[in-house]
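Residues per chain are reported as follows:
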Amino acid sequence: MNKSLFTLSICLLTSVFPLKAHEEDSSLEEQMKILAKGTRQLSQQIDNPTSQQSSIDLIENLKKAVKVSESLEPRKTVSIPQSDRGKFLAQYHAEMEKLFDLFNKIEGELKGGNYAMAKILFASIKPMEKEGHKQFKED
Ligand code: HEM
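Residues numbered from 1 in each chain as written. Predicted model: local features only at pLDDT ≥ 70, side-chain atom pairs only at ≥ 80, totals over all residues.

Chemist: Sorry if this is basic, but what is going on with the overall build of the protein chain here?
Modeler: A tally of regular secondary structure across the protein chain gives seven helices and zero strands. Residue burial in the protein chain is summarised as follows: out of 139 residues, 14% are buried. In the protein chain, once contacts between residues fewer than 6 apart in sequence are set aside, the share between residues at least 24 apart is 67%. (Helix = DSSP H or I, 4+ residues; strand = E, 2+ residues; numbered from the N terminus. Buried ≥ 20, exposed ≤ 12 C-beta atoms within 10 Å, placed from the backbone. Contact = placed C-beta atoms within 7 Å.)

Listed below in C-alpha cells is the structure:
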C-alpha cells in the first residue's frame, strides 16, 4: 500500500470508529466496575490514617465515575413505557446525586481526620447500591 493510501485508510478508520470506542469506554457497566473496585479497596483502608491521601484520591475517582454514570442511561430504560421514561430517568439521576453527596460527605470526614465517622457513612453505600440496583437494573 502506498503512503498516501495508507494515510487515507487511517483517517477513514479513525473517523468511523472513535465514537464506538468512546461508547464502549463509558458504558454504565464500565463505570459500575470502577465503583465496585474502588469501594472494595476503600472498605479495606477507610479508617486507616496512613491511607488518608490514597482514600481521598480514590473517592475523587469514584465521584467522577458517579458523574459519568449519571450522564448515561440504564439498559432498563428502553423497556420503560415512553410516558414513564422521564420520571424513571429523573429518579435515576436523583439516586446518583445521593451517592455523589455521600461520597462528598465521606471525603469531608477523611479530610478532617474523622476516620470513625467516615467508616460509619461508608456503611450506607451498600444499601444505596442495593436500592439503585433494585430500581434501575434489568432483572
Ligand atoms: C457504590 C455503589 C455501587 C456499586 C459498587 C455498583 C456496582 C455495580 C456492578 C458491579 C454492576 C454490574 C456491572 C457489570 O457486571 O457489567 C452494576 C450494574 C448496574 N448498576 Fe450499580 N453499583 C453501585 C451503585 C448504583 C446506583 C446508586 C445505581 C442507580 C442509581 C446503580 C445502577 C446500576 C445499573 C442500572 C446497572 C446495570 C447496568 C445497565 O443497566 O446499563 N448502581 N453496578
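Chemist: Just to check I follow, could you spell out the packing of helix 5 (residues 82–111) against helix 7 (residues 125–136) for this structure?
Modeler: Packed helices, taken two at a time, are described by the angle their axes make and the gap between the axes. For the pair helix 5 and helix 7, the least separation of the axes is 11 Å and the interaxial angle reads 165°. In terms of orientation, helix 5 lies roughly antiparallel with respect to helix 7. In the crossing of helix 5 with helix 7, the sense of the turn from one axis to the other is left-handed. Facing Q91, Y92, E95, K98, L99 and L102 of helix 5, the residues of helix 7 in contact are I125, M128, G132, Q135 and F136. (Axes fitted to C-alpha atoms, helices over the stretch in contact; angles between N-to-C directions. Parallel < 35°, antiparallel > 145°, perpendicular 65-115°, else oblique. Left-handed = near helix turned anticlockwise from the far one by under 90°.)

Chemist: I tried to follow the site of the ligand on my own but got confused; where do I start?
Modeler: Among the 22 residues in the neighbourhood of the ligand, the closest are listed as E29, M32, P74, E95 and G132. Of all elements in the fold, only helix 3 (28–45), helix 5 and helix 7 reach the threshold of two or more residues within the shell around the ligand. Per element, the largest residue contribution to the shell around the ligand is seven residues, and it comes from helix 3. When grouped by side-chain class, the residues that make up the shell around the ligand number 11 nonpolar, three polar and eight charged. (Near = placed C-beta within 6 Å. Nonpolar A, V, L, I, M, F, W, Y, C, P; charged D, E, K, R; others polar.)

Chemist: Hey, could you run me through the confidence of the model for the protein chain in this one?
Modeler: Any residue range with low pLDDT should be treated as having predicted coordinates unsuitable for detailed reading. Averaged over the protein chain, the pLDDT score is 89; the fraction of residues at 70 or greater is 81%. Long-range and interchain partners of residues 18–23, a stretch whose pLDDT sits below 50, account for zero contacts in this model, where long-range means more than four residues apart. (pLDDT = per-residue confidence, 0-100.)

Chemist: Got a minute to help me understand helix 4 (residues 52–71) in this structure?
Modeler: Each full turn of the α-helix corresponds to 3.6 residues, which orients residues three or four apart in the same direction. Taking 1.5 Å per residue as the helical rise, helix 4 with its 20 residues ought to reach 28 Å, and the 29 Å between its terminal C-alpha atoms agrees with that figure. Tucked into the core, helix 4 has its buried residues touching helix 3 and helix 5. (Expected span 1.5 Å × (residues − 1).)

Chemist: Where do I start with the environment of S69 in this structure?
Modeler: Mapped onto the elements of the fold, S69 is located in helix 4. Exposure remark for S69: the 25 C-beta atoms within 10 Å place this residue in the buried category. Sequence-wise, S69 and S27 are 42 residues apart; in three dimensions their C-alpha atoms are separated by 8.0 Å. If we ignore the near neighbours within four places in the chain, the residues touching S69 are L28, Q31 and M96.

Chemist: Sorry, what's going on with the environment of F88 here?
Modeler: Considering the arrangement of structural elements, one finds F88 in helix 5. Residue F88 is classed as partly exposed on the basis of its C-beta count, with 18 C-beta atoms lying within 10 Å. In sequence terms F88 and F136 are 48 residues apart; their C-alpha atoms lie 8.3 Å from each other. Residue contacts for F88: discarding those within four places in its chain leaves T77 and I80.

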